[in-house]
Amino acid sequence: MTEHDIEQLISRMTLAEKLGQMTQVQPQGRDQEERVRNGGAGSLINVVGDDAYHYQWLAVEHSRLGIPLLLGRDVIHGFQTVFPIPLGQAAAFDPERVRLAAAHSAREAGAAGVNWTFSPMLDVARDPRWGRIAESFGEDPLLISRLGVAMVQGYQQEGVAACAKHFVGYGAAEGGRDYSATDLAPRALLDTYLPPFRAAQQAGVMTVMSAFNDLDGVPATGHEDLIRGTLKEQWGFDGLVVSDWCSVTEMIAHGFCEDAAAAARAAVNAGVDMEMASTSYQDHLASLIEHGLLDKALVDDAVRRILRIKARLGLFQHPYGAPERAQPQRPAAAQLARSLARDSCVLLKNEQGLPLGEHARRVAVIGPLADAPGEQLGCWVFDGERQHSQTVFAALRERLGAQRVVHARGLEHCRSHDLDGLDAAVALARSSEVVVLCLGEDAGLSGEAHCRAHLDLPGAQQTLLEAVAATGVPVVLVIMAGRPLVLGTVLPHAQAVLYAWHPGSLGGPAIVDLLCGESPSGRLPVSFPRSVGQIPIFYNHKNTGRPPQADAPSIPSGTPLDPSGFFAAYLDEDHRPQFPFGFGLSYTRFEYRDLQLSSKQLAPGGTLCASVLLSNVGHRSATEVVQLYVRDLVGSVTRPVRELKDFQRISLQPGESRRVSFELHTDALRFHDRHLRQVCESGQFDLWIGPDSATGPSAVFELMA
Ligand code: BGC
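Residues numbered from 1 in each chain as written. Predicted model: local features only at pLDDT ≥ 70, side-chain atom pairs only at ≥ 80, totals over all residues. Heavy atoms only, no water.

Trainee: Quick one: what's the story with the overall build of the protein chain, residue by residue and with numbers?
Mentor: When you go through the protein chain residue by residue, the secondary structure sums to 19 helices and 26 strands. Taken over C-alpha atoms, the radius of gyration comes to 26 Å for the protein chain, in line with the 27 Å a tight globule of 705 residues would show. Projected onto the principal axes, the alpha-carbon positions of the protein chain cover approximately 75 × 65 × 50 Å. Across the 705 residues that make up the protein chain, the buried fraction comes to 60%. A sequence separation of at least 24 residues applies to 76% of the contacts in the protein chain between residues at least 6 apart. If you average the places of the 62 positive and of the 81 negative side-chain charges in the protein chain, the two averages end up 4 Å apart. (Helix = DSSP H or I, 4+ residues; strand = E, 2+ residues; numbered from the N terminus. Rg over C-alpha atoms; globule rule 2.2 N^0.38 Å. Buried < 20%, exposed > 50% of the residue type's maximum accessible area, 1.4 Å probe, protein only. Contact = heavy atoms within 4.5 Å. Lys, Arg positive; Asp, Glu negative; His and termini not counted. Charge placed at Lys NZ, Arg CZ, Asp CG, Glu CD.)

Structure representation (structure tokens):
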């Protein structure tokens, strides 16, 4: 179907059919048959399996023009096979496996009739109180961009349209409260929040979703400058923009539109092509056009984009999926889910205890998440199969033999304060040589509208931890959670801490692989705060005029007139995070030496080669995530203290060394100046290649004018 064919089709459509294309509804069973027959829906959400095929058949065979439906579903981190939550996938720092996971998800979803997923979420998430941080790739624009592109490619290569969401700024909700207003300066938008969307658009993402949030006074769904201006006109995005769930009519509650007609008009003017869930387009656009309040060319433009995506997906030829479409490969998907879950786990502490080793003749697996197949899947798993979810307890029994592995829940679920199971758990711990304690957050504690003001272990889990630790039996703590938790009171009670996020269907075997000897290689995609009072805390912040000093007194001795000790810090808390972005231990020790630059000077448009000698100086083979950061020391506007520019996963045997090289092009040094022009400014830069955002050897280079 060519662009010309699309124009022909549009010329044959009635206004009602056009507005139908611009409408997405959620059927309850088969209650939308009439609407689909009449051409009153361009898309349905949340129909799968037989219902999906049935509705598609109605649209294609029984509507006047036979236009196929977009059948949308939130396939966020897997379909039947559930991969780690996106925040966990991000910790693997491995775009290729993220792409493959998306491809498997698309095959499984595609076989159930789905041709559109509302993923990836590209929101920059710097606030762990926000429940949707679980769905994000964390705090760093470069990591989000790389993984977002990989996910888009994975879905779309299998014939499922991806959706970059939520455009834009949604992750910056005030106080980490979902749906709250955001107040982002233009440069923050341009340098931090928009780049992942730009990367997805350049990678050919077919659809974009407008966000719920109020952005500096304008709801994102009515933001003409950003949707029609930046996304469509400036970047040249030619796909379709869908609203979020009722985000068109929510502009009334925002106080931006007085009624549904005004909301529909604002959204169409802004460039939102399809309305999700609410029906203000269908109800009001015709009369707005009739009264000269809306340009009907905007409706045609929206319909053109919707039809274009249907054509791009091949739905006009193959509405039920292309015959050559790859079928789901469940064993391969499960294998990938295991490897991705394994490499998403971040080892935060290991004084002793890991790997478990052969001496552990009796292991107690304790805690509300030790054997909770549904909870370990995390948020957004409509189609995830609990019955195929394998837990830590089950996997460890299988690995070590049932007689060596015993289990007690301790608490019924993570939020429970009922201590009835405590004594049995403590007794079990006492009779074992090591405890694997699985604590954290139930799946329902993160995700949309699931924000938290406290980031400690919920319920009585701290009590359980302390009671088990008091037995003196070594504790290996496995934390499953949808966000970073505040771990200050937790860390002292465990000999080892493995952060597993919500690891998905194969979480159990993946964690057991690590407990039994494979080295963890996950790295934090987000900074871990020491306390809620530090939030927002992220590594790529500005230096300020009074950066904190390592030797600063805890109580400043000066006065505003003599400001000794007056720094950007807290009286009652360290200014540094508990664990920095990029951090993660392994079972070996890596050494970084001999940082070399191909030149100390870099010409505009040129490429610098930076390399470091990485050695595995420990006793086990392991994978390191080598990270390249820069700092632009002086700019026409102030620049962050560090910015991630590249990373590589490198596996080394004990005693092995390898020179790890990166190519840094000057394009990677661009930012928006005072006039919001994208520039690359001459001057000095610091460059680090290291294991995280806080350490590593550094060098200096100069970008020439
Ligand atoms: C969420 C979107 C999601 C949509 C459809 C909304 O509430 O914000 O991310 O894709 O629902 O389920």
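Trainee: So what about the nonpolar core? Which residues, and what values?
Mentor: By size, the foremost hydrophobic cluster in this structure holds 86 residues, and its most contacted members are M22, W116, F167, V168, Y281 and L285. Looking at this core, the element that brings in the most residues is helix 14 (residues 296-312), giving 8 residues. Within the second largest apolar cluster, 54 residues are counted, among which are A220, W380, A429 and L524. (Core = buried A, V, L, I, M, F, W, Y, C linked by side-chain atoms within 4.5 Å.)

Trainee: Before we move on, can you summarise the environment of P604 with the specific residues and values?
Mentor: Note on placement: P604 falls in the loop between strand 18 (601-602) and strand 19 (607-616). The class for P604 is exposed, based on a relative accessible area of 53%. In this structure the C-alpha to C-alpha distance between P604 and D383, which are 221 residues apart in sequence, comes to 50 Å. P604 has contacts with T666, L703, M704 and A705, leaving out every residue within four places of it along the chain.

Trainee: So what's going on with the sheet that holds strand 15 (residues 475-480)? Which residues, and what values?
Mentor: Judged by pairing direction, the sheet is mixed, and its 6 strands sit side by side in the order 11-16-15-14-12-13 without closing on themselves. Across the chains shown, the open sheet's two edge strands, defined by having one partner strand only, are strand 11 (346-350) and strand 13 (405-408). With direction set aside, neighbouring strand axes in the sheet form an average angle of 20°. Sheet topology note: the strand 11/strand 16 (residues 496-499) ladder contains 4 bridges and is antiparallel. The partner of L347 across the bridge, within strand 16, is L498. Strands in contact with helix 16 (residues 392-400) are strand 12 (363-366), strand 13, strand 14 (434-440) and strand 15; relative to strand 13, the strand with the most contacts, it is inclined by about 165°. Sheet strands in contact with helix 17 (residues 422-430) are strand 12, strand 13 and strand 14, and its direction is about 155° off that of strand 12. (Pairing = 2+ DSSP bridges. Axes fitted to C-alpha atoms, helices over the stretch in contact; angles between N-to-C directions.)

Trainee: Describe the pattern of salt bridges, with residues and values.
Mentor: Using the criterion set out here, one finds 47 salt bridges in the structure. A salt bridge links R304 to E7; its shortest N-O distance comes to 2.6 Å. Residue R304 is found in helix 14, and its partner E7 is found in helix 1 (residues 3-12); the two are separated by 297 residues along the sequence. The partner of K645 in a salt bridge is E643, with the nearest N and O atoms 4.0 Å apart. Taking the relative accessible area as the measure of exposure, K645 reaches 13% and is therefore buried. Judged by relative accessible area, E643 falls into the buried class, the value being 18%. Where salt bridges share partners, they join D94, R97, R338, R342, D343, R399, D513, E518 and R649 into one cluster. (Salt bridge = Lys/Arg side-chain N within 4 Å of Asp/Glu carboxyl O.)

Trainee: Tell me about the layout of surface pockets, and please be specific about residues and values.
Mentor: To locate leftover empty space, one rolls a probe as large as a water molecule over the atoms. One number sums up the size of the largest pocket: a volume of about 1600 Å³. The wall of the largest pocket is formed by 50 residues, among which P141, L190, D191, T192 and P195 lie closest to the centre. Elements supplying a minimum of two residues to the lining of the largest pocket: helix 7 (141-157), helix 8 (186-193), helix 9 (195-202), helix 10 (224-234), strand 21 (643-652) and strand 23 (671-672). Here the lining of the largest pocket gets 8 residues from one element, more than from any other, and that element is helix 8. Grouping the amino acids of the lining of the largest pocket by side-chain chemistry returns 24 nonpolar, 11 polar and 15 charged. There is about 870 Å³ of room inside the second largest pocket. In this structure, the second largest pocket is lined by 30 residues; those nearest its centre are H541, H575, R576, P577 and V641. (1 Å grid on protein atoms, 1.4 Å probe; cavity = no way out; pocket = protein on both sides within 12 Å on 5 of 7 lines; lining within 4 Å. Points joined across faces, edges and corners; volume = space filled by probe spheres on them. Nonpolar A, V, L, I, M, F, W, Y, C, P; charged D, E, K, R; others polar.)

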